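Structure at a glance
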Amino acid sequence: MLRRRFGVLAVVSAIATASMAHVAGAQSWPTRPLTMVVPFAAGSASDTLGRILAARLSEILGQQVIIENIGGAGGMTGVARVAKAPPDGYQFVLGGVDTFAMNQTLYKKPLYNAAADFEPVALAVGQPLILVARNELPAGSLQEFKVYTKANQAKMQYGSAGTGSGSHLACAWLNAELGVEVTHLPYRGSPPAVVRRRRA
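Quick caveat: nothing in here was measured; it's all calculated off a predicted structure.

This brings us to the environment of K84. Along the polypeptide, K84 turns up in the loop between α3 (76-83) and β4 (91-94). Using a relative accessible area of 69% as the deciding quantity, one classes K84 as exposed.

This part covers unusual backbone geometry. Following W29, the chain continues to P30 via a peptide bond in cis, the omega torsion being -5°. Within the element layout of this structure, P30 appears in the loop between α1 (12-24) and β2 (34-38). Although it is not a glycine, A73 sits at a positive phi angle of roughly 55°. Mapped onto the secondary structure, A73 falls in the loop between β3 (65-69) and α3. Among the residues examined, A73 registers a relative accessible area of 36% and is labelled partly exposed.

Our focus in this paragraph is the confidence of the model for the chain. For the chain, the mean per-residue pLDDT works out to 84, and 84% of the residues sit at or above 70. Overall, residues 1-26 carries pLDDT values under 50, and its contacts beyond four positions in sequence, including any with other chains, amount to 76 contacts.

Conventions used here
Residues numbered from 1 in each chain as written. Predicted model: local features only at pLDDT ≥ 70, side-chain atom pairs only at ≥ 80, totals over all residues. Heavy atoms only, no water. Helix = DSSP H or I, 4+ residues; strand = E, 2+ residues; numbered from the N terminus. Buried < 20%, exposed > 50% of the residue type's maximum accessible area, 1.4 Å probe, protein only. pLDDT = per-residue confidence, 0-100. Contact = heavy atoms within 4.5 Å.

See the structure below:
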């Protein structure tokens, strides 16, 4: 499992098992710190999950697992970085359905091949998406939001974690369901989108 570069949907038990098998094969791994690339901005849900996993992995593996946030292109920038890294098991990515499925079908020329460039390790968490708006938006329910959006769609915008990200596609789907065309503003992660919207 560690002979190739691998994409991580979750890692704790899977890497622990893989590392024990590796040691059993008389090969020493890891002998130096590892890097977990989180392909979204610091402070995002993916970043929080990555830091929790990295702390536990560091204990299990006996080597520090360093988090490196590389956002952009709906997560593709960070994942592409790992796809091009030496396949030695010292750099891996915390990915998800957006980085390993959605991006592969949305772009004519994705920056990597999810099936050929990566080896999935394990699934650790399901991450729901929620719709949030500024406090002053006069809508206290989804039905009220629908009515308000239909009347004000030309001046409304929605921020996402980047083009092709899960939050982008969820809002695009919501647009279609409501029959509206709210403008999409992509960011290099969800935290910048939330901060920017609050300042606007």
